[in-house]
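Each chain, written out:
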Amino acid sequence: MSSIPVVQPSSKFREAFAKRGGAAAARCYQCAACSSVCELAPAAAPFPRRQVLWAQWGLVDRLAADPGPWLCHQCNDCSLRCPRDVAPGDLMAAVRGMVVECLAFPRAFGRLVANARTTWPLLLLGPLLFWVLLLGATGRLVLPAADPQLGGLEGRFHYQDVVPHALIYAVYVTATAWVAVALWVSGRRYWRLLGAGAARHGSFLANLFPVLGDIATHARFKECGRGVPRRRWGHFLLMWGFVGAAATSGFAILYLYGGTPIFDWLGLGHGYPLPLDHWVKWLGNLSAVLLVLGGTLLYANRLAVGDRLVGATTGSDRFLLYTVIGVVVTGVLTEAFRFVALPMAAAWLVYVLHLGIVLTLFLTLPYSKLAHIVYRTLAMVHERMSGLTTG
């Protein structure tokens, strides 16, 4: 005799889901128009109809173990065609946010970022205050001095005189390690939940590489309908801007220590700081342009209030977008102030602001939309390994 499945609804989840933008789920009468028009939903596990049903019931365990919310790219074709104005695309976004919060490590940090609408002062001012206190404790609350030996393309001074590289490494290597651990723990939790719901076959790595190709080109967006142009290119430019910025940081470190025995064999042939016309500087500036363009497109997209193809904007969405814009603006000004004859206090202030905002971006990464790169990647790999087919 087959066992009777146990359904465990959560009223707390329903209440929290409604506060995070999921209140419209109560209007859904399960006509399945949304799943019928979705080009990305696997035929064997269509979405978003059943995810809306599970959200209505408060079945958080099923939502957390489901790849559907992460296979959705929120083109909002479903929201455009919903006869009840439920906005299924926004509900799927709310589900993703709740899943990130539920699987977060530690969970308190997930709640803190999820409530960024009210907690943003702590999220922004905490890292900034940390840097000010650290510089004060190490005797570095001093303005940089102009270096007459620097050439015109090398700037007026060294930021090393403001914050030593050793402090930069100590803080950001620690932050990176923390982010890696948090993403590993939450990603492993999600991968195990996915595996409990469907059998997987084949090698993880063999299925990972095609998925990374899809992500690198944002190929899935091509299968979406009318919402593609508004979402694809902003995300695409922003993603590659971050990749370029990370690569720039890596190459800068190589040139910084190019004369040491560890890297001397590379024959880099240039010291640090790098001149403005160096190719690494060009890579960094190009990455900044991509970040500016991507952020501008996403911000302009969010200004179209009430447009179903755009969808709703949550407090955490705004916080991440403004944080990215803050990183880009302070980063560009940090470079510019090395060459522009402004008071040294302005350069110091902008640089410390930049360090604080970058630290905010790092520490909130496992709990913000940036964590989607882990959850969506795992869901797409699971889709391939479990035999689900899109379309």
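Counting starts from 1 at the beginning of each chain's written sequence and moves along it residue by residue. Local features are withheld for residues below a pLDDT of 70 in this predicted model, meaning they are given only at 70 or higher, and side-chain atom pairs are given and counted only at 80 or more; totals for whole chains, interfaces and linings count all residues. The side-chain quantities take in all heavy atoms of the structure and omit both hydrogens and water.

Colleague: What exactly am I supposed to notice about the overall build of the chain here?
Modeller: Across its full length, the chain holds 16 helices and 0 strands. Exposure is judged per residue with a 1.4 Å probe applied to protein chains only, and the accessible area is read against the type maximum: over 50% gives exposed, under 20% gives buried, and values in between give partly exposed. Taken across its 391 residues, the chain has 43% of its residues classed as buried. The contact rule is simple, with two residues in contact once any of their heavy atoms fall within 4.5 Å. Within the chain, contacts between residues separated by at least 24 positions form 76% of all contacts whose residues are at least 6 apart in sequence. Of the accessible surface of the chain, which amounts to about 19300 Å², a share of 67% is contributed by carbon and sulfur atoms. Only DSSP runs of H or I reaching four residues or more are called helices, and only runs of E reaching two or more are called strands; each is numbered from the N terminus. Here the Shrake-Rupley method, with its probe set to 1.4 Å, supplies the accessible areas, and only the displayed protein chains count as covering residues.

Colleague: I keep staring at the packing of helix α10 (residues 165–197) against helix α16 (residues 372–385) and nothing clicks. Help me out?
Modeller: The axes of two packed helices give the description: the angle between them and the distance between them. Every angle, taken between N-to-C directions, lies between 0 and 180 degrees, and every axis is a line fitted to C-alpha atoms, over only the stretch in contact when it is a helix. Interaxial distance between α10 and α16 falls to 10 Å at its minimum, and their mutual angle equals 30 degrees. The angle between the axes of α10 and α16 places the two elements in the roughly parallel class. Crossing geometry of α10 relative to α16 is assigned as right-handed. In this structure, α10 contributes Leu-183, Ser-186, Gly-187, Tyr-190, Trp-191, Leu-194 and Gly-195 to the contact, and α16 contributes Val-374, Tyr-375, Leu-378, Ala-379, Val-381, His-382 and Met-385. Angle categories are assigned with fixed cut-offs, so that under 35 degrees is roughly parallel, over 145 is roughly antiparallel, 65 to 115 is roughly perpendicular, and the rest are oblique. Take the far helix as your reference; a near helix turned counterclockwise from it by less than a right angle gives a left-handed crossing, and one turned clockwise gives a right-handed crossing.

Colleague: How should the nonpolar core be read in this particular structure?
Modeller: Nonpolar side chains in soluble globular proteins tend to end up buried together. Here the nonpolar core consists of buried residues drawn from Ala, Val, Leu, Ile, Met, Phe, Trp, Tyr and Cys, with membership extended through side-chain atoms lying within 4.5 Å. Of all hydrophobic cores here, the largest spans 44 residues; its most connected members are Phe-17, Phe-47, Trp-70, Tyr-190 and Tyr-375. Sorting the residues of this core by element identifies α1 (11–22), α3 (49–57), α4 (60–64), α5 (68–71), α7 (88–103), α10, α11 (204–217) and α16 as the ones contributing at least two each. Ranked by residues supplied to this core, first place goes to α7 with 8 residues.

Colleague: Is there a simple way to think about the side chain of Asn-207 in this case?
Modeller: Among the structural elements, Asn-207 can be located in helix α11. Of the polar contacts made by the side chain of Asn-207, one reaches the backbone oxygen of Ser-203; its length is 2.7 Å. In this structure, Asn-207 is in contact with His-201, Gly-202, Val-381, Arg-384 and Met-385, ignoring residues within four places of it in sequence. Polar contact is defined as a pair of N or O atoms within 3.5 Å, subject to the rule that within protein one atom must be able to donate a hydrogen and the other to accept it, and that residues adjacent in sequence are counted only when both atoms are side-chain atoms.

Colleague: Would you take a moment to explain helix α9 (residues 116–137) for this structure?
Modeller: One turn of an α-helix holds 3.6 residues; hence residues three or four places apart share an orientation. Helix span, expected: 1.5 Å multiplied by one less than the number of residues in the helix. The end-to-end C-alpha separation of α9 is 30 Å, in line with the 32 Å expected for 22 residues at 1.5 Å each. On its buried face, α9 sits against α8 (107–114), α10, α14 (315–336) and α15 (344–364). Of the residues one or two after α9, Gly-139 is the one with positive phi, at around 70 degrees.

Colleague: Can you help me understand the pattern of salt bridges in this one?
Modeller: The term salt bridge refers to a pairing of a side-chain nitrogen on Lys or Arg with a carboxyl oxygen on Asp or Glu at a separation within 4 Å. Using the criterion set out here, one finds 4 salt bridges in the structure. With a shortest N-O distance of 2.4 Å, Glu-101 and Arg-20 are connected by a salt bridge. Taken together, the residues span a long stretch of sequence, with Glu-101 in helix α7 and Arg-20 in helix α1 at a distance of 81 residues. Of the residues examined, Arg-20 reaches a relative accessible area of 22% and is grouped as partly exposed. In this structure, Lys-369 engages Asp-317 in a salt bridge whose closest nitrogen and oxygen atoms are separated by 3.2 Å. Of this pair, Lys-369 sits in the loop between α15 and α16 while Asp-317 is found in helix α14, placing the two residues 52 residues apart along the sequence. Under the relative-accessibility criterion, Asp-317 is labelled buried at 13%.

Colleague: Hey, could you run me through the packing of aromatic side chains in this one?
Modeller: Aromatic ring pairs are defined here through the distance separating the ring centres and the angle between the ring planes. Two aromatic rings from Phe, Tyr or Trp, using only the six-membered ring of Trp, form a pair when their centres are within 6.5 Å; if the ring planes differ by under 30 degrees the pair is stacked, by over 60 it is edge-to-face, and anything between is tilted. For the coordinates displayed, the defined rule picks out 15 aromatic pairs. Where Tyr-159 meets Tyr-351, the ring centres are 4.3 Å apart and the plane angle is 35 degrees; that geometry is what we call tilted. Of this pair, Tyr-159 sits in the loop between α9 and α10 while Tyr-351 is found in helix α15, placing the two residues 192 residues apart along the sequence. Look at Tyr-159 and you get buried, because its relative accessible area is 11%. What makes Tyr-351 buried here is its relative accessible area of 11%. Among the aromatic residues, ring-to-ring pairing joins Phe-105, Phe-109, Trp-178 and Tyr-367 into one connected group. Directly above the aromatic system of Tyr-29 lies the positively charged group of Arg-84, at a separation of 5.2 Å from the ring centroid. Charges are assigned to positions over rings by a cutoff of 6 Å between ring centre and Lys NZ or Arg CZ, combined with an angular limit of 35 degrees from the ring normal. Directly above the ring of Trp-191 sits Arg-200, whose terminal nitrogen or CZ lies 3.6 Å from the centroid.

Colleague: Looking at this model, I keep getting lost on the environment of Thr-248. Mind explaining?
Modeller: Inspection of the secondary structure puts Thr-248 in helix α12 (residues 228–256). Separated by 32 residues in the primary sequence, Thr-248 and Val-280 place their C-alpha atoms 6.1 Å from one another. Residue contacts for Thr-248: discarding those within four places in its chain leaves Val-280, Leu-283, Gly-284 and Ser-287.

Colleague: How should the side chain of His-354 be read in this particular structure?
Modeller: For His-354, the position within the fold is in helix α15. A distance of 3.4 Å separates a polar atom in the side chain of His-354 from the backbone oxygen of Val-327. At 2.9 Å, the side chain of His-354 forms a polar contact with the side chain of Thr-330. Excluding anything up to four places from it in sequence, His-354 contacts Val-327, Thr-330, Gly-331 and Thr-334.

Keep in mind these numbers describe shape, not what the thing actually does.
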